[in-house]
Amino acid sequence: MSQDKLELIRNAGPSVLPSLLLCDFGDLKTELARLEDAGTQVLHLDVMDGHFVPNLTYGMPIVEGIRRHSDLPMDVHLMISDPLRYAQPMVDAGADLLTFHVEAVEDAGEVAREIRSMGAAVGVALNPDTDLSALDRCLDEVDMVLVMSVNAGFGGQAFNPVALAKLAALKQSHPDLLLEIDGGINLRTIGAARAAGCDLFVVGSAIFKQDDYAAAIAALDAEIAGGVS
Ligand code: DX5
Ligand code: ZN
């Protein structure tokens, strides 16, 4: 099941993934319809626990609620201290790709294997200050690497270009690995991320602060097309 969804996610790239963090949670059904009408192929869900990051968002009930109103693959970004504690409930709620932070765990390879065994695809994320070498033990166990271009926790932060060098290095060392970037992605930064080899571009403010989501995503897509990889 998740392998099919992983193929959908892979085949979506290069693609913009709206981040459900700055959306209207009071009217999620309409937000989902607007995003689908705008051509969204994959949703990015930001789960924060108020412990790993100093912000608190949502958990399984929202993931499950989104699943009931959308068939789109769900890429769930776990910004939580104990990803394995909530991994199975997240898969049961409908998560297709579960991404945990390497900074949160002791043995990232083991965490990745356990998540895979639950039937989900697996990603590992790293914050701007975390060196790529932190991924050495798990790169062969994951489907995707999420390179953060802001410190995980809040939307609307400024893009940190350290992410570009990490993407380029990963693209060179692991050409088949799916690469995602998250944080401060907008019309000015998305082309450089594409040029560095990125496949999936998580976008919050640059979509949800616009009135016309379709126009915002189309403009971002045009910049991706211009940022030759
Ligand atoms: C930040 C989240 C992001 C966030 C991006 O911790 O992981 O997904 O929503 O928002 P922008 O695009 O506004 O930086
Ligand atoms: Zn995110």
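For the structure itself, look to the data block above.
Numbers given for residues are sequential positions, taken from 1 along each chain in its written order. Going through the entries in the order they are written, you letter the chains from A and number the ligands from 1. Per-residue local features are limited, in this predicted model, to residues with pLDDT of at least 70; the limit for side-chain atom pairs, both in listing and counting, is 80 or more; totals at the level of whole chains, interfaces and linings are taken over all residues. The basis for every side-chain value is the complete set of heavy atoms in the structure, and neither hydrogens nor water enter the calculation.

A.B. asks: Can you help me understand the site of ligand 1 in this one?
C.D. replies: One heavy atom suffices: a residue is near a molecule or strand as soon as one of its heavy atoms comes within 4 Å of it. Neighbouring residues of ligand 1: 20 residues in total, closest Ser-19, Asp-46, Gly-153, Asp-182 and Ser-205. A distance of 2.7 Å separates an oxygen atom of ligand 1 from a polar backbone atom of Gly-153. Between ligand 1 and Gly-184, the relevant distance is 2.8 Å, taken from an oxygen atom to a main-chain nitrogen or oxygen of the residue. Method for areas: the Shrake-Rupley scheme with a 1.4 Å probe, in which residue coverage is limited to the protein chains shown. Relative to its free-state accessible area of 380 Å², ligand 1 is covered by the protein chains to the extent of 99%. Here a cavity is any set of points on a 1 Å grid over the protein atoms alone where a 1.4 Å probe fits but cannot get out, and a pocket is any open set with protein on both sides within 12 Å along at least 5 of 7 lines; a residue lines the site when it has an atom within 4 Å of a point. Molecule-in-pocket calls rest on the fraction of atoms, with more than half required to lie within 2 Å of the cavity or pocket grid points. A molecule is said to occupy a pocket when more than half its atoms come within 2 Å of that pocket's grid points, and by this definition ligand 1 occupies the largest pocket. Secondary structure is summarised from DSSP: a helix means a run of H or I of at least four residues, a strand means a run of E of at least two, and numbering begins at the N terminus for each. Counting only elements with at least two residues in the shell around ligand 1, the list comes to β2 (43–48), β3 (74–79) and β8 (200–203). Ranked by the residues each element gives to the shell around ligand 1, the list is headed by β2, at three residues. Within 3.5 Å is the distance limit for a polar contact, defined as a pair of N or O atoms, with the added protein rule that one can donate a hydrogen and the other accept it, and that residues adjacent in sequence qualify only through two side-chain atoms.

A.B. asks: Would you mind going over the sheet that holds strand β7 (residues 178–182) with me for this structure?
C.D. replies: Hydrogen bonds between backbone groups are what pair the strands of a sheet, and the pairing can be parallel or antiparallel. The pairing criterion for strands is at least two bridges between them, as found by DSSP. Spatial strand order, β1-β2-β3-β4-β5-β6-β7-β8: eight strands in a closed barrel with parallel pairing. Looking at each pair of strands side by side, their axes are set apart by 25° on average, direction ignored. Here strand β6 (residues 144–148) pairs with β7 via five bridges, running parallel. Across the sheet, the residue bridging to Met-144 is Leu-178, located in β7. We call two residues contacting when some pair of their heavy atoms lies within 4.5 Å. Here the axes come from fitting lines to C-alpha atoms, over the contacting stretch only for helices, and the angles between their N-to-C directions go from 0 to 180 degrees. Helix-sheet contacts for helix α5 (residues 108–117) involve β4 (97–101) and β5 (121–126), and the interaxial angle to β4 is about 160°.

A.B. asks: Where do I start with α5 in this structure?
C.D. replies: One turn of the α-helix equals 3.6 residues, which is why residues spaced by three or four share an orientation. Along α5, the residues that are buried comprise Ala-108, Gly-109, Val-111, Ala-112 and Ile-115. For α5, the angular spread of buried residues about the axis comes to 165°, placing them on one side. In this structure, the buried residues of α5 make contact with α4 (83–93), β4 and β5. Its side-chain oxygen 3.2 Å from the backbone nitrogen of Gly-109, Asp-107 forms the N-cap of α5. After α5 finishes, the residue Gly-119 shows a positive phi value of roughly 95°. Think of it in three bands: with a 1.4 Å probe and only protein chains considered, a residue is buried below 20% of the maximum accessible area for its type, exposed above 50%, and partly exposed in between. The directions from the helix axis to the C-beta atoms are what the arc is built from.

A.B. asks: In this structure, what is going on with the packing of helix α3 (residues 60–69) against α4? I would like to understand it.
C.D. replies: Two quantities define a packed helix pair, namely the angle between the axes and the distance from one axis to the other. Their axes nearest at 8 Å, the elements α3 and α4 cross at an angle of 20°. Relative to α4, the element α3 is oriented roughly parallel. As for the relative orientation of α3 and α4, their crossing is right-handed in sense. Facing Met-60, Val-63, Glu-64 and Arg-67 of α3, the residues of α4 in contact are Tyr-86, Pro-89, Met-90 and Ala-93. A class-by-class count of the residues in the contact of α3 with α4 yields six nonpolar, no polar and two charged. Just so you know how the angles are binned, under 35 degrees is roughly parallel, over 145 roughly antiparallel, 65 to 115 roughly perpendicular, and the rest oblique. Helix crossings get a hand from a simple test, with the near helix turned counterclockwise from the far one by less than a right angle marking a left-handed crossing and a clockwise turn marking a right-handed one. We call Asp, Glu, Lys and Arg charged. Ala, Val, Leu, Ile, Met, Phe, Trp, Tyr, Cys and Pro are nonpolar, and the rest, Gly among them, are polar.

A.B. asks: What is the right way to look at the pairing of β6 in this model?
C.D. replies: The side chains of a regular strand alternate between the sheet's two faces. Among the five residues of β6, five are classified as buried, and the element is accordingly described as predominantly covered. Because side chains alternate across β6, one face comprises the buried residues Met-144, Leu-146 and Met-148, and the other comprises Val-145 and Val-147, equally buried. Sheet analysis places β5 next to β6, joined by four bridges and oriented parallel. Bridge assignment links Val-124 to a residue of β6, and that residue is Val-145.

A.B. asks: What am I meant to see in the coordination of the zinc ion (ligand 2) here?
C.D. replies: Six octahedral donors around a metal ideally sit at 90 or 180 degrees from one another, while four tetrahedral donors ideally sit at 109.5 degrees. Each metal's donors comprise the N, O and S atoms found within 2.8 Å of it (within 3.2 Å for Na, K or Ca). Water is not part of the atom list, so some coordination spheres may appear incomplete. Protein coordination at the zinc ion (ligand 2): the donors are His-44 (NE2), Asp-46 (OD), His-77 (ND1) and Asp-182 (OD), at 2.0 to 2.3 Å from the metal. Geometry is assigned from the angles between donors: four donors with all angles from 85 to 135 degrees make a tetrahedral site, four or six donors whose opposite pairs exceed 155 degrees while the rest stay between 65 and 115 make square planar or octahedral sites respectively, and everything else is labelled irregular. Taken together, the six donor atoms coordinating the zinc ion (ligand 2) span angles of 67 to 170° at the metal, a pattern that classifies the geometry as octahedral. The sequence pattern describing where the donors of the zinc ion (ligand 2) fall on their chain is H-x1-D-x30-H-x104-D. Taken together, the residues His-44 in strand β2 and Asp-182 in strand β7 connect sequence positions 138 residues apart. You'll find His-44 and Asp-182 in the same group, each marked buried.

A.B. asks: Help me understand α4, please; the structure alone is not making it clear to me.
C.D. replies: The set of residues buried in α4 consists of Pro-83, Ala-87, Met-90, Val-91 and Ala-93. Buried positions in α4, seen along its axis, are confined to an arc of 145° and lie on one side of it. Away from the buried face of α4 by more than 90 degrees, exposed residues Arg-85 and Asp-92 are located. In the core, the buried residues of α4 are packed alongside β2, α3, β3, β4 and α5. Looking one or two residues beyond α4, the residue adopting positive phi is Gly-94, at roughly 125°.

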